Amino acid sequence: MFHPVPSKVNFPQLEENILTLWRKNNAFERSIDARRDAPWFILYEGPPTVNGSPGVHHVLSRVFKDIIPRYKAMKGYHTFRIAGWDTHGLPVELEVERELGFSSKAQIEEYGVEQFNARCRQSVFSYLKKWEAMTERIAYWCDLKHPYITMDNNYIESVWWAIKQLWDKGLVYQGYKTAAHCPRCGTSLSSHEVALGYKDDVEDPSVYIKFKIVPSSLPHSEAHQRLSKLFSAKPAYFLAWTTTPWTLPGNTALAVAPDAGYAVVEIDNEYLIMADALREQVGLSAYKVVDRVNGSALVNLKYEPLFNPHHFGVERRRFHMHSQLALQKPITNLTYAVIAADFVSLEDGTGIVHMAPAYGEVDFEAGQKKGLDFVHVVDLQGKMMGSYPFAGKFVKDADPLVIEELKKKNLLFRSEKIRHTYPFCWRCETPLLYYVKQTWYIRTTAVKEELIAGNNEINWYPGHIKHGRFGDWLENNVDWAFSRERYWGTPLPIWRCESCGHPECIGSLDELKTKPGFSGLKQPLDLHRPFVDELTFDCPQCGAKMRRVPEVIDCWFDSGAMPLAQWHYPFDNETLLEDGRFPADYICEAVDQTRGWFYSLHAISTLLFNHPCFKNVICLGHVLDAKGEKMSKTRGNVVEPSVVINKYGADALRWYFFTAVPAGNVYRLDDKMVTEVTRRFLLTLWNVYSFFVTYANIDQFTPGSEAASLEPSELDHWVISELNQLIVDVTAALDNYNPTEAGREIENFVNDLSNWYVRRSRRRFWKSENDADKLSAYTTLYHCLVTLSKLLAPFTPFLAEELYRNLVVTASPQAPDSVHLADFPVADATKIDKRLSADTRLVMKVSSLGRAARSQAGIKVRQPLAKVLVSVSSPSEQRSLERLAPQVLEELNVKEMEFIDSVTDLVKLGYVVSSEGSYAVAVPAEISPELRAEGLAREVVHRLQTMRRSAGFDIADRIVTYYQGEAYIRQIMADFASYIKQETLSRQLIEGIPEQGVFTESHRLGGYDISLAVKRLT
Ligand SMILES: [Zn+2]
Ligand SMILES: [Zn+2]
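Presented here is a report on the structure given in the accompanying data block. (Residues numbered from 1 in each chain as written. Chains lettered and ligands numbered in written order. Predicted model: local features only at pLDDT ≥ 70, side-chain atom pairs only at ≥ 80, totals over all residues. Heavy atoms only, no water.)

Some points on the sheet that holds strand β31 (residues 865–871)
Whenever strands of a sheet pair, they do so through backbone hydrogen bonds, lying parallel or antiparallel.
Line of reasoning, step 1. Reading across from one edge, β32-β31-β34-β33 is the order of the four strands in this open sheet, with mixed pairing throughout. Bordering the open sheet on either side are β32 (894–899) and β33 (911–916), each of which pairs with just one other strand. This sheet shows a mean twist of 20° between the axes of neighbouring strands, independent of strand direction.
Line of reasoning, step 2. Across five bridges, the pairing between β31 and β32 is parallel. Within β32, the position partnered with Lys867 by the bridge is Glu896.
Line of reasoning, step 3. Each of β31, β33 and β34 (919–924) touches helix α26 (residues 834–857); the most contacted strand, β34, lies at about 40° to it.
Line of reasoning, step 4. Along the sheet, helix α28 (residues 885–892) makes contact with β31 and β32, crossing β32 at roughly 125°. (Pairing = 2+ DSSP bridges. Helix = DSSP H or I, 4+ residues; strand = E, 2+ residues; numbered from the N terminus. Axes fitted to C-alpha atoms, helices over the stretch in contact; angles between N-to-C directions. Contact = heavy atoms within 4.5 Å.)

Description of the packing of helix α23 (residues 739–766) against α28
Line of reasoning, step 1. Two numbers describe how α23 lies on α28: the axes approach to 12 Å, and their chain directions differ by 90°. By the criterion of interaxial angle, the relationship of α23 to α28 is roughly perpendicular. Note on element contacts: α28 touches α23 through Gln887, Glu890 and Glu891, opposite Trp756, Arg759 and Arg760.
Line of reasoning, step 2. When the residues that make up the contact of α23 with α28 are grouped by side-chain class, the tally is one nonpolar, one polar and four charged. (Parallel < 35°, antiparallel > 145°, perpendicular 65-115°, else oblique. Nonpolar A, V, L, I, M, F, W, Y, C, P; charged D, E, K, R; others polar.)

Some points on the coordination of the zinc ion (ligand 1)
Line of reasoning, step 1. Binding of the zinc ion (ligand 1) to the protein goes through Cys182 (SG), Cys185 (SG), Cys425 (SG) and Cys428 (SG), at separations of 2.2 to 2.4 Å.
Line of reasoning, step 2. Taken in chain order, the donor set of the zinc ion (ligand 1) reads C-x2-C-x239-C-x2-C.
Line of reasoning, step 3. Overall, Cys185 belongs to the buried group, its relative accessible area being 0%. (Donors = N, O, S within 2.8 Å, 3.2 Å for Na, K, Ca; no water. Buried < 20%, exposed > 50% of the residue type's maximum accessible area, 1.4 Å probe, protein only.)

Concerning a negative patch on the surface
Line of reasoning, step 1. On the surface, a cluster of negative charge is contributed by Glu449, Glu450, Asp472 and Glu475.
Line of reasoning, step 2. Sorting the residues of the negative patch by element identifies α13 (448–455) and α14 (464–475) as the ones contributing at least two each.
Line of reasoning, step 3. Relative to the helices and strands, Glu475 is located in helix α14.
Line of reasoning, step 4. Taking relative accessible area as the criterion, Glu475 reaches 43% and is therefore assigned partly exposed. (Patch = residues over 30% accessible without salt bridge, like charges linked within 9 Å, V, L, I, M, F, W, Y side chains within 5 Å. Areas by Shrake-Rupley, 256 points an atom, 1.4 Å probe, with all protein chains shown as cover. Salt bridge = Lys/Arg side-chain N within 4 Å of Asp/Glu carboxyl O. Lys, Arg positive; Asp, Glu negative; His and termini not counted. Charge placed at Lys NZ, Arg CZ, Asp CG, Glu CD.)

Coordinates in, geometry out; function isn't part of it.
Structure, rendered in C-alpha cells:
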C-alpha cells in the first residue's frame, strides 16, 4: 500500500517535511559519497557577495547551479561541490558605513581601521546565516559546512601567491594613468566595475566656451597672415564644447582635426572659430563667415587659459619623459596652444576639443605625446582645490559656479542641458570621475591574445555571448586597475622601502616571516589591515624599513582566484591542477558577470596558467517585474523569494525559472506567473499521482508482482514509447546545458499523460474486475510516474522525492531511499515507436478538430453522433487513422468515421465543419431521436457522478439511485438502466421520492425536469 495522496496539496509544507528528512538522513552528503569512486564533475561556485539578504535573482542563479550537478550525480559522476562566500570589498564597507552613518574615508580613519574592519567581519557573518537558510530552502545542494570564505587567512595567502606569480612575470605595475575614480568611496575602480554602473539619460550641463586667441602668436604663412589681420581688428575666440565644466580649470590645450575645414564667423563684433561643418548644429549658420581655413592652419595658435592656475594656488606640471610630470614655474602671461589630433569629432561639439590631461584618457595620452601642461584641480573626494570661487565644492556642484565665472569673464557662448549616458559607482551610485592618479595595474593586455584563444575553448550558453558580450570585452581589453585605496579587502602584498623605494612582492606567509628583520606579527593571525600594516622587514638594498603599500585589492580578484584559493593552493592540494579539480566543468551566473566574475576567473587563470578555468557556462538573464521593469525598493515591485516560496514552494519557483524562457533571456516575474506554473504543471502532475495512488490502493496494486500476466493496450505502448523518447530528449537537452528545453519536454509529456493517457484509461482503472488489462494500466502508469520522479529530480527535487519515496521506497525497501541517490533513467530504444507516436498525434489532432466542430454546432461531447466525416492529408494518414479508429470514435463519441476527399458542399448537406491546413472534421447538425435519448442517458450519468462527489462518497462506494420525472424521463431510465447502473455503481434505480436526508438534486436535462437522489449502501 502506498501512503494515501490527497487531491489537495500544500507544496510548501510538503517541502519542509522533505527538508527535515534530508537533514536527518544526510541526503546531500550521501549523494556525494555514493559516487566517491566515479569520475568527477566540477562546479565552481561563484561566491555571492554576502553584504545583504539574498534576492530572487540569487535564487535564479543558485537553482541553475544546482540542476546540472544534480543531473550529473544521477548520471554517475562524483559531484562534490563547495559553497563559497565573497566577503571583502566596497559592498561590505558601504553597508558598515551606512550603519555608522559615515559618508567619507576621513570618518573611517577617525573611527579606527581596526574597529571598522571588525565590524565588516561581523556584518558579513550576520548575512551568512540568511544565505545558508535560503540555500537550503531552495534545495541548492552544495557543501555549506566547509565553504571557502575569501576573508580567511588561507584564502588570502593563496591570493598573495597568485599576485606574486604575476609580479615575477612583470605583469604587476604601478601606473600614473587615467583611472575611473569614485569620489565618495575614494578609490579607483576597474573597467569591469565601471561597466556595471552606466546610467542612461543622465542630465549634465552642455556648455560652449570661448577661448581667447592671443593675436601676436601667429606664425607665418598665407593663411596665418590673413587670420592675423582679422584678429588684430577684433577680439577672436576658439569655440569649444564640454559637458564637464569642472574640468575647464584643468584645460591646457585645444585640439583640432588638421584636415577639416574651420570657419571664422563674425558675431557681435567678435570672431569665433569652429568647424565649418558644425556651424548649423551650433546655431551659427546665419552669421557671416569672414574666412575659412584648414585645421592645420590653426595648429600652434596660442590662447589664454580660462583660469591661470598660478592665480589660484594650483600647481602646473608638464609631461616629460613620457609619464613624468615636472613642476613648472609660475607665469603670469600663461598661454596654451592648439594641437592637431585624430580623435576630434565632427559629429558633435564644435570641432575644437577642450583638453584637460588630468581628466580623461584621450587627454592624458595626448598630454604625454605632445608634452602638454598638466593641471590637477580636484582632490580625491571630488572637491575643487585651490582658491577658485568654486573651491571646496564637489565637482558636480561646482559646474554651475564655473559657468557663472565664465559668464562674468564674457567667455561663455551658450549654456544648455544634455541627457546622455554616464558611469556611476556600481556600489554607491556616485558619478565617477576620470582622474589621472597612481594605481596598481595587472598587465592583462600582455595576454590579450591568450585570453581570446582561451575563450574559444569555452562553451557558452547561450552561444552568442562567446563572441558577443564576452568576446567583445576581451577584444577591448585594458589593463586591470586592481588596487583599492580602502580597508576591508585582501591587502596588496607589496612592501616598499621607506628610504630607497625598493619594492618587493610577498607570495606567502612563510616568505614574509623569514625576511631579515621581520617584525610586528601578532596572534591570532589576521592578514587584514591594520595588522598587516604592522608587519615590516629590512630593505635588502639599503637596510631601511620595508613597509606595506596602503592599498587593498579589488574583491573581483579574490573571487576570480577561487579555483586555487578555495583549496589553499599551492600550500595545500598541490595536485590541484592535474587531479581533475581544474578546470571546472560548469559555472553559471547572470550575464553581468561577463565583465565581473566570468572575466576575473578567465583573466587570472590565463595569466597564471595560460588555460581557461571553466569549460561550460550558462549565462542567465536578469529578473524583472511582470511589466519588464527593474525591481527596486523605491518602485515597490521587489519579489521577495521567501514570500513566493512560503506560498507556492521552492519547486514552483525553480520550475518557473527553468522553463519560463531559455537561459540568457530576461525573466518577468510576479506572483501570478508562479501560480500559473503551479496550476499548469505541478498540480497536473500531482493529480495524476493522486489518481494513481488512490486507485492503486483500492485495487491493492503491488508493483513488480505482475510481470507474467500483462496485456498492454495500444495506449500503454504509446505512452511507454513517449516516455522513452522523453528520456532521450531530456538527456540530450541537459547534456547540452539546456534545462529549459528539457523542462518543457517533461511538461508536454505530463500534459499528454494526464489529458490523454489517464483520461482515456480511466475506465480501465474503474472497472471492477482485476484483469490483465487493468494490471497493465497500473503497471504502465506506475512506470511513468517513477520515471518522471527521476527525470524531475534535478528540476523539482522536493516533488520528485515525494513521488519516489511513496511509489518506490514504500514498495521496495532495497531501493535507494532517495531519488537523489537513484540513477538517471536510461531510454530503452526498442520501446520507442515513432509510427505509433505520429499516429497518436494524428488521432489527437482529429479529435481536437472534431470537438471544435461539435462546439460550433452546439452539440455537447456527451451527445452521441451517428458519424463524422474526416479529411486527412495523405492515404497513409488515412490508414493510420483507420487502424486507430476506435480511439477516434470514442474521443468524439460517434458510431462511425468516414473518410472524404473534400469538405466542399458539406455545409449544404447539413454538416458543421472544422478544419486546419489539410485536415478537416465534419459533424452532422441534426440528431436522431434514438441518439438524443442516448445523449440524455449520458447526461444523467454525468449528473449522478457529480452528485456522488458532492455527497462525499468514496470512489468505490456502491449506491442506490432514486429518480422522478415525466414519462420520457422514466422511459430513458428504463431503457438505459444497466448502462446507468454500471457507470454510477448503482445497485438499484428506484423511481420515487427518496426518504429524508438523502442527497437530492433537481435538474433540467434536454428540456425535461428530473429529480435525482443518491444514497450510499453500507
Ligand atoms: Zn562609490
Ligand atoms: Zn631601501
